[in-house]
Structures are given as structure tokens and as C-alpha cells.
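Per-entry structural report
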Amino acid sequence: MKHILIIDDEDDIRDVAQVALETIGGWQVSTANNGPEGLAQMQTSLPDAVLLDVMMPDMDGIEVFKRMQADAKTRAIPVILMTAKTQTADQQRFLSLGVTAIITKPFKAMLLANQIAEILDWPL
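Calculation notes
- Residues numbered from 1 in each chain as written.
- Predicted model: local features only at pLDDT ≥ 70, side-chain atom pairs only at ≥ 80, totals over all residues.
- Heavy atoms only, no water.
- Pairing = 2+ DSSP bridges.
- Helix = DSSP H or I, 4+ residues; strand = E, 2+ residues; numbered from the N terminus.
- Axes fitted to C-alpha atoms, helices over the stretch in contact; angles between N-to-C directions.
- Buried < 20%, exposed > 50% of the residue type's maximum accessible area, 1.4 Å probe, protein only.

With that settled, the discussion passes to the sheet that holds strand 4 (residues 79–83). Sheet strands line up and pair through hydrogen bonds in the backbone, either parallel or antiparallel. With parallel pairing, the five strands of this open sheet are ordered in space as 2-1-3-4-5. The open sheet has two free edges, formed respectively by strand 2 (28–32) and strand 5 (101–104), since each of these has just one partner strand. Direction aside, the axes of adjacent strands within the sheet are offset by 20° on average. The pairing of strand 4 with strand 5 spans four bridges and is classified as parallel. Considered in strand 5, the bridge of isoleucine 80 is made with alanine 101.

On to unusual backbone geometry. Cis rather than trans, the peptide bond between lysine 105 and proline 106 has omega equal to -5°. If you trace the backbone, proline 106 turns up in the loop between strand 5 and helix 5 (109–120). One non-glycine residue with positive phi stands out, namely aspartate 58, at about 70°. Along the chain, aspartate 58 turns up in the loop between strand 3 (49–53) and helix 3 (61–70). We classify aspartate 58 as exposed; its relative accessible area is 86%. Look at aspartate 121: it is not a glycine, yet its phi comes out positive at around 60°. Looking at the element boundaries, aspartate 121 is found in the segment after helix 5. Residue classification places aspartate 121 among the exposed residues on the basis of a relative accessible area of 71%.

Written out as C-alpha cells, the structure is:
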């Protein structure tokens, strides 16, 4: 069973995404409400993919991604950024960092598992 880690500081987003991915995707989902917590979780249990919010207090998603890239243990994990920034320049900048994909917020919960499966080429 695939395991996805959701790192987002908004409870509602984490909850909705978790329910959607567990029920529609049939995946194991764990959550973290900030970057340091997410990075700590990855040290004990490596997910198959990370759904990462860009804008979070203290440590933003870009910093979390950079720290994952700097760690040989987490470098190969696909990262899908979630962001409300829909401008092409922002999205190009994020993609140039090496993230796997970007999903814009607000996302449609019923389509989220399908989007992720398509991005990562996972069966549903």
C-alpha cells in the first residue's frame, strides 16, 4: 500500500486531503502540521510521496523540500507542492527546484487521488 505524507499547517486541508486519499486512493496517509514535524516523521517512516504546502509559518514548503534534497534518505521521494500561487512565474520557479508537480489550492477533494495517481503513475 502506498504511503503519502501530507505537510500542511491548515487543519481543514489536511483533514479533507487525508479522507479523500484514504477513501478514493486507498492509500495510507499520515499528516504533519509543519515542516519540522514532517521532516522528523520522514526520519522514522519514509513515505512514497509527500504532499507539501508551500506557505507555512516558521519553515515554508520550499525550505522543507530543500532539506529533503540535502538528505540522501529523503532525496528520491516525489514531492507534490500545494499552493494558492497560480501565476506561471511562481509555478515555473517551484518546478525549477525539482519538485515532481504542483497542485493548486483550492483543490477538488474528489479529484485529488486521481491527480496524484496520474502524476506519480500509481494505480487507483
